[in-house]
Every structure is written in C-alpha cells, then in structure tokens.
Amino acid sequence: MSITVQASDATGLTATEVEQRRRDGRTNDVPDRASRSVRDIIRANVFTRINAILGVLFILVMATGSVIDGMFGLLIIANSAVGIIQEVRAKRTLDQLAIVSQAKPIVRRDGKSAQIAPHDVVLDDLIELGPGDQIVVDGVTEESALLEVDESLLTGEADPVDKPVGSKVMSGSYVVSGSGAYRATKVGRDAYAAKLAEEASKFTLVKSELRSGIDTILKVITYLLIPAGLLSIYNQLVSSGQSWRPAVTGMVAALVPMVPEGLVLMTSVAFAVGVVRLGRRRCLVQELPAIEGLARVDVVCADKTGTLTENGMRLSEIKALDGFDDEQVRRAASALAADDPRPNASVQAIGEGLGEGPGWQSTAIAPFSSAKKWSGISYGEHGDWLLGAPDVLLDPSSEDARVAEELGSSGLRILLLARSDRSVDAADAPGTVRPAALIVLEQRIRPDARATLEYFADQNVSIKVISGDNAVSVGAVATSLELPGGDHAVDARELPDDPAQLADVLERETTFGRVRPDQKRAMVAALQSRGHTVAMTGDGVNDVLALKDSDIGVAMGAGSPATRAVAQIVLLDNKFATLPYVVGEGRRVIGNIERVSNLFLTKTVYSVLLAFLVGIAGVGSQIFDYDPIGYPFLPRHVTIAAWFTIGIPAFILSLAPNNERARTGFVGRVMRLAIPSGVVIGIATFVSYLIAYAGADATEEQKVQAGTTALITLIMIAVWVLAIVARPYVWWKVVLLATSILAYIVLFTVPFTREFFKLDPSDIRLTTAAFICGGIGIVLVEAAWWFGAINGEQRRLIPASPGGSA
C-alpha cells in the first residue's frame, strides 16, 4: 500500500508564480523579531517620568540665572544617552542572533527543495515537514506519511494530532513524528499564531520580581515625594523669608536628590550589557527575564545526547543475532537508514557507516517517536524491519537483552535491528519481534562536560540527567563524568505516577533513562513543587513540553526548530559548557542591581527625611517665632554629593563580577539597609546643619559655612554606606573607595573647586563638628547593618564577589 499520498501538483510553485505573489504582497511579512525600533527606544528613554521631573526643576533653576546650579540637568542627557546606547546594542545583538537561530522551513519550488527564511514564504508555497519542524504559516496538508502534529503551544492539548491529507495545520505547532508537506493558505499577520507570536516576542526591559520590586519602591517614593515636595516648596517660598531666587534654588536642591534618577537606568543597563555579553558567546536570550531567572536556578535538568555527549555518533559494530547473516542485516539496516525521510543522529550514523541502501521498495512506514522508542519500514517480500531500543523490543530475560545491556553499560548506544511478523503500520505493531542484530554506536562525551558539572556542583546547583536512552547507557555516561548517583541510574518506566512520590525520587536520584516526553514534563513540575527553580536543557522534539514548563528553557542551536522556539535561551554554539557563563551572567546582573539599589534608595530616604525636617522646622518658626530655616544645600551641592557616593560607583558596581545565587525578597533586603542608613544620614546632616546655622541674619559667608558643614557630614556617612555595599573587598573596590574619598578631598581643598561649588570648610570648629556628627553617623549605620545580620540575613544582602577586575 502507499505510505504517502501526494497532490497532483507536487512540484510546488514556479519562480514566476512566487514573484507574482511577492508583487501582490501575499508574503509572510511578519518581522523576524518583534523588537522595538530605534525610534521607539529613543522615545522610551527620553520621555520618562524622571526626566520630566528633572526637566521642570532644571527650567526653574535656569530662571534664577544660576547656570552652575543647573548641572543636574546633565542627568537628563546622561540617563537618556546611556539607556539608548545600551538598549540599541542589545537590540542589534538580539536581532542578529535571532536571524541565525530562526527556524528555516524547507520549501519546494520548481520541483526542488531548499531552506528559506520564514519571511520569504509566499501564499500557496509547498512546505515540507519532518520530526521537530515548526509550522511557520497556516496551511493544508498535501502529503502525509503518518504525520502527527503537537498543537499544545496553541491549544494546551498535549496529545499529538494525526494530520492526514486535507487536514488543517496551524502556525506555532510542530511535528512530533512522521513526515509530509503542506500548502500555505494564510501567511503573514493572517496566520493563526502570528499575532500571538508577535506579542509574546516583543522586546521588554524586564517583567520580573526584580523589576516589579523596583516599581513598588518607586510608587512608595512617589507618594512620599508629594508631601515632602509641598512642604519644601512652602518652606522655601513662604517660611524662610528668602528672596525668590535663593528660595527656588533651595527648593530645587531639596527635590532633585529625592528622585532615584539612576535606579531604572542602571537596571536597564545591567540587563542590556548582560545581553551583549552573552551574545558574544553565541547565546541568544529570547526573553530578557530569563537573565534574572538564571540567577535563581538551583536545578539543571540536562539531556544526555547533544548536551553531555556530542551530537554526532559513529557506527562501531553490527552484531548479527539469531541466525541472521552479516550481509542480510547490513542490507536491512542500510535500507532503513536510506529510506528515513528525516533521520535522527543515530540513523544518520548508520547510513554514513553502511553507505547507500539496496533500493528496496517500501510499502509501509512507522516513523520514530519518543513514546514508543522504535521506527520501522515494511518492504514487501524483503520483510518488515524495525529499528529501536533493545530494552523495549526484547524480552528483558533473554540473552540478547543481557548482551545489549552489557554493551550499553560501557556508555555505548545500542539499537536493535529486528524483523516483525506484520506490517509496521498495523494497529498491533510491532507484534512478534525476531531480533536480527545489535547495532553499536559510539557517542563521544563532550570534553568540557566534566568541568561544567564541577562548576554547578561548586555553585550548589543540582544536575539531573534526564534522557530517553537506556538507563544503563545513561548511567555509564554520568559515571564517567563522576556525577553522583550515576552508578545507579533509574529506569523511568519504574517511576511512580504520583507527583509527591515522584518528587521524593527526584530529590534523591540524579540520573534517569527511558524517560518519556510527558515524564520529562512531570519531572520538571515535581521539582518545582519542592520550591526549586528549574532550568531544562534539550535539543529534540521530545524536550519541547519540559522546556516550555521549566522556569528557564535552554535549547541547543542545532536542536529542532520547535525546541528553539519555546526556549528562553538558545546556545547557538551547541556547547553545554556555555551554560555556566549564562548562569554567571544572570547572577552578576541581579546581584549588582541589588547593590546599586541600596545606594540610590539610601539617597532618596535621606533626601526625603531632610526635606521633612527642614520643612517642619520652617513651619515651626512661624508658629513659635524663631529664626526661619532654609534648605542647607544648593543644587550644585547635591550634585557633587551624588557624584562619588552613588553615580560613578554605582555604574562600576553594576558591571562587576558576582557569583551568588539570587534569592526572593529583593524589596525587603534592600529596604533593610536603605531605610536605616537614610534615616541616620538625614538626622545627622540636619543636626550638623543646626550646629552651624547662624540665624536669619547670617552673612553669606556664614551661610556657605553652614551648608559646607552639613555637606561634610552627609558625604562622610554616604561614603561609608558605599563601603558597606562594596563588601567583600578586592583590590579594585579598595581603589574605588579610595578614589571617591580622594575626589572629595580635592573638591574641599583646592581653591578653584571650593569657589566654584561654594564650599568653605575654613571654620575649624564647624568642620570638627561636621566630622563628629559624621563619625557618630558611621557608627550608627554600621550598627544598623550588623543588627540586620541577625540570623545571617543582612550579611548575605551583599552578594559575595570573586576577586578580579570589573
């Protein structure tokens, strides 16, 4: 009987017909990657809420004629420029890698088949299909050889759907088994999954616990800014009794530091730089939240083939069984390899080792599937032949099964060539199986696999080897890599179905063989039920469901198109050894954002508190009739205060090495340092200012000295907060701290900078008072940090960082 039904026109479109459809616009015009345009990136980075606030304040200061005090306006340019540059770099990196990674359908035109880019598909194109291929546009099947399609990514139904000739196929689904061809009936944005795919793949900075935590913090800050700002405005314009120019500059000086202008910027930069760094290692990050997710991973589920072992295999030996002669089994094996329309790595190795097939005429075909673990072709008078797993097709108690297991225990891949007593497409196939030969394939272990496993062990990340291969063979590979538990691999056919019991087994064991696709998915869910953050690696169509359900799906670049489509990360170099760099980059990003957040939020807390204290004191002066108090600083003062305690150090720390696994509770940990530190700085600065304050009738020199006294106190404690955040120290962090201190010494001692920034530390009494207040503040900040270290929580707030340069 015929195994493939073809339409009368099986040659596909002609070149003329393709060109006509292009002119008519009937093309698959969905963008390769729905990333933001450069124009959108510029708009998103320029027109921000923070830039709007700073822009209004900048205009107010310019109205007073004090250009120097408007230096904070440079933050608008800096924020926008840095954000635009980094995001454009990330966009270009992602777009270039996405082109390399995209699924390229095989289209038949003028009777010839060729791979083309998805956007080159036109209406009525004839597109060929094989296992693992993703369906890129909607269509109707024109040819079908037991074609089965998984539509779970669209419908949620996990069971494969038979697709005989005339069946509709939808874009976004993928082939599980069999082969065929379909004619494109809907292309571009008319296709079923096009809108879903476009929306799902849009470039986003990050939607994650980290970003949502920062958004929560910003909302709270916004609520605090309103009363603090109103109080500052009232105090400067009404209570202080100053003329409008100094009143406005004081009001701006109070409001500018309340805005955490660099927090969102540094978050975006850290993620964008992470994307670019990973791009240099040929790693495509398809969803940016994956970078953060990688930082939290504590279990990696790795497939054996293509992950721990290299993709390619070599035919080592064919051992004839049960009276079959060597020539007969070689002819049968070469026929199976030659007639497989989409051979996997094992069948390719057989074909390469045996050469061309005998040219037998096939009458029926049973494509390979991960569920049944065998494939077969019927050849009429030449017999019905099977190729599959020995432990599935053989009696476990037979001598042939024992030999197969013994060979597999050395790490070799063993396939059984067998003859069946019925057609391979029969409902009760394979029926009675007569073993003909054991086919021995050598699979090479990746030279970097052991070092990769050792890295994860050092980082307290558990490895679970989950493979569809024979458990003995999988265990042999795991044992050779010195993976704990590899010497007693678990046969997944014996695993319990109960999720709780399955989770118990997964907690104990590390190596699993004969795992079905649905079991891989269940194993991921079982690990997640125990609180684990799971990364799943894979390259075959049998890995798709598990990749989709895992916290982080990692696909090999040489894997099936469906695998690459559902994964958040694609390793285009096909190297498992790249994964430690990916995990390390995730930890660097999230750990450093946490560091930087401490600095920016500490500044916001002390700025809001200082504004409240000065404002309340100003209102009190009207009620209790004492000298009014204005804001102690000019805008230029708050600018230089942030330069070397936050701005430059935050940028450097955001790009520094960091290896600690991220944990939940970002907001709580950050606020446990930022709030007490900010409160101490705000109160100490206010006390220092009151000590130096000379009253409403003070001379201009006395006002400058009072402001300088308060600024010295603020900078001293703020530098100490930087020192806390930078722990543990390595040489470059010591240099960073020393540079910050030296920069402030220069600003306060060099005549030109003192005059330019209106600094006057010449009054020894006031400067001494400033140092005393600053010293007390340092002790209190340190005490608050150590108090938070109860139960070890706060000490782990600052992630450990290895030595080396940023």
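Everything numeric here is computed off the predicted structure, so don't read it as measured data.

Draft legend 1. Fine view of the overall build of the chain. Each helix and strand in the chain was counted, giving 27 helices and 21 strands. Within the chain, buried positions represent 57% of all 806 residues. In the chain, 74% of the contacts between residues at least 6 apart in sequence involve partners at least 24 apart. Within the structure as shown, the chain displays about 32,700 Å² of accessible surface, and the carbon and sulfur contribution to it stands at 58%.

Draft legend 2. Representation of the packing of helix α24 (residues 700-725) against helix α27 (residues 764-787). Two numbers describe how α24 lies on α27: the axes approach to 8 Å, and their chain directions differ by 25°. In terms of orientation, α24 lies roughly parallel with respect to α27. Read as a crossing pair, α24 and α27 show a hand that is right-handed. Within the contact between the two elements, α24 uses Q705, T709, I712, T713, M716, I717, W720, V721 and I724 and α27 uses L766, T767, A770, F771, C773, G774, G775, G777, I778, V781, E782 and W785. Of the residues contributing to the contact of α24 with α27, the split by class is 13 nonpolar, seven polar and one charged.

Draft legend 3. Broad picture of the pattern of salt bridges. Scanning the entire structure with this criterion turns up 28 salt bridges. Here R43 and D40 are joined by a salt bridge, their closest N and O atoms 2.8 Å apart. One end of the pair, R43, and the other, D40, are both in helix α2 (residues 38-46), three residues apart, so they sit about a helical turn from each other. Assessed through its relative accessible area of 40%, R43 is described here as partly exposed.

Draft legend 4. Structural detail: the pairing of strand β16 (residues 462-466). Counting buried residues in β16 gives four out of five residues, a clear majority hidden from the surface. Across four bridges, strand β9 (residues 299-302) lies against β16 in parallel orientation. Pairing of V300 across the sheet is with I463, part of β16. In the sheet, β16 pairs with strand β18 (residues 511-513) via two bridges, with the strands oriented parallel. Bridging from a neighbouring strand, I466 pairs with F512 of β18.

Draft legend 5. Just the sheet that holds β16, in detail. If you walk across this open sheet you meet the eight strands as β8-β21-β20-β19-β9-β16-β18-β17, and the pairing is mixed. Of all strands in the sheet, those with a lone pairing partner are β8 (283-285) and β17 (490-491), marking the two edges. Pairing of β17 with β18 involves two bridges; the strand directions are parallel. When the sheet's bridge partners are listed, D491 is paired in β18 with G513.

Draft legend 6. Just unusual backbone geometry, in detail. In this model, A429 is joined to P430 through a cis peptide bond whose omega is 10°. Across the junction of R727 and P728, the peptide omega takes the value -10°, indicating a cis bond. Backbone geometry at E482 places phi at a positive 60°, although glycine is not the residue there. Classification of E482 by relative accessible area gives exposed; the value is 57%. We note that K758 has phi near 55°; this positive angle belongs to a residue other than glycine. Structurally, K758 is set in the loop between α26 (751-756) and α27.

Draft legend 7. Seen up close, a nonpolar patch on the surface. On the surface, I226, L230, I233, Y234, L237 and V238 cluster together into a nonpolar patch covering about 530 Å² of accessible area. Mapped onto the fold, V238 is located in helix α7 (residues 209-239). Relative accessible area serves as the criterion here: at 44%, V238 is assigned to the partly exposed category.

Draft legend 8. Structural view of the packing of aromatic side chains. A full pass over the atoms with the stated rule returns 11 aromatic pairs. Both rings, one in F324 and one in W385, keep their centres 6.0 Å apart while their planes meet at 65°; by these two values the pair is edge-to-face. You can see F324 sitting in the loop between β10 (309-320) and α11 (326-339) and its partner W385 sitting in strand β13 (residues 384-388), a full 61 residues away along the chain. The pair F324 / W385 is uniform in exposure class, with both members buried. Ring pairing ties together the aromatic residues W643, F644, Y744, F752, F756 and F757, which thus form one cluster. The ring of Y581 is capped by R281, whose NZ or CZ atom sits 3.4 Å from the centre of that ring.

Draft legend 9. Representation of empty space enclosed by the protein in the model. In this structure the tally under the stated criterion is five cavities of 30 Å³ or more. Considered as a void within the structure, the second largest cavity measures approximately 80 Å³ in volume. Lining the second largest cavity are 13 residues, with P257, Y606, V638, A641 and L714 sitting closest to its centre. Broken down by secondary-structure element, the contributors of at least two residues to the lining of the second largest cavity are α21 (579-624), α22 (635-654) and α24. Class assignment of the residues belonging to the lining of the second largest cavity gives a composition of 10 nonpolar, two polar and one charged.

Draft legend 10. Region of interest: the side chain of R21. Its location among the elements puts R21 in helix α1 (residues 15-23). According to the relative accessible area criterion, R21 is buried, its value standing at 13%. At 2.8 Å, the side chain of R21 and the backbone oxygen of L123 are in polar contact. Not counting chain neighbours up to four residues away, the residues in contact with R21 comprise L13, R26, T27, V122, L123 and D124.

Draft legend 11. Examining α24 more closely. In this model, α24 (26 residues) spans 37 Å end to end at C-alpha, consistent with the 38 Å of a helix rising 1.5 Å per residue. Counting buried positions over the 26 residues of α24 gives 20, a clear majority of the element.

Draft legend 12. Quick look at the nonpolar core. In terms of nonpolar packing, the biggest core is built from 123 residues, with F456 and I569 touching the most fellow members. When residues in this core are grouped by element, the largest group, 16 residues, is from α21. Those residues in contact with I569 that lie beyond four places of it in its chain are C283, L284, A290, L294, I552, G553, V554, A555 and V582.

Draft legend 13. Focus on the packing of helix α23 (residues 666-692) against α27. Relative orientation of the contacting elements α23 and α27 amounts to 165°, with a least axis distance of 9 Å. Taken together, the axis directions place α23 and α27 in an arrangement best described as roughly antiparallel. Viewed along their axes, α23 and α27 form a crossing whose handedness is right-handed. Facing L673, P676, S677, V680, A684, V687, S688, I691 and A692 of α23, the residues of α27 in contact are L766, A769, A770, C773, G777, L780, V781, A784 and W785. Here the contact of α23 with α27 is composed, by residue class, of 15 nonpolar, three polar and no charged.

Draft legend 14. Layout of the environment of I772. Along the polypeptide, I772 turns up in helix α27. Sequence separation of I772 and A684 is 88 residues, and the distance between their C-alpha atoms is 9.7 Å.

Calculation notes
- Residues numbered from 1 in each chain as written.
- Predicted model: local features only at pLDDT ≥ 70, side-chain atom pairs only at ≥ 80, totals over all residues.
- Heavy atoms only, no water.
- Helix = DSSP H or I, 4+ residues; strand = E, 2+ residues; numbered from the N terminus.
- Buried < 20%, exposed > 50% of the residue type's maximum accessible area, 1.4 Å probe, protein only.
- Contact = heavy atoms within 4.5 Å.
- Areas by Shrake-Rupley, 256 points an atom, 1.4 Å probe, with all protein chains shown as cover.
- Axes fitted to C-alpha atoms, helices over the stretch in contact; angles between N-to-C directions.
- Parallel < 35°, antiparallel > 145°, perpendicular 65-115°, else oblique.
- Left-handed = near helix turned anticlockwise from the far one by under 90°.
- Nonpolar A, V, L, I, M, F, W, Y, C, P; charged D, E, K, R; others polar.
- Salt bridge = Lys/Arg side-chain N within 4 Å of Asp/Glu carboxyl O.
- Pairing = 2+ DSSP bridges.
- Patch = residues over 30% accessible without salt bridge, like charges linked within 9 Å, V, L, I, M, F, W, Y side chains within 5 Å.
- Phe/Tyr/Trp six-rings, centres within 6.5 Å; stacked < 30°, edge-to-face > 60°.
- Lys NZ or Arg CZ within 6 Å of the ring centre and 35° of its normal.
- 1 Å grid on protein atoms, 1.4 Å probe; cavity = no way out; pocket = protein on both sides within 12 Å on 5 of 7 lines; lining within 4 Å.
- Points joined across faces, edges and corners; volume = space filled by probe spheres on them.
- Polar contact = N/O pair within 3.5 Å; in protein donor to acceptor, adjacent residues only side chain to side chain.
- Expected span 1.5 Å × (residues − 1).
- Core = buried A, V, L, I, M, F, W, Y, C linked by side-chain atoms within 4.5 Å.

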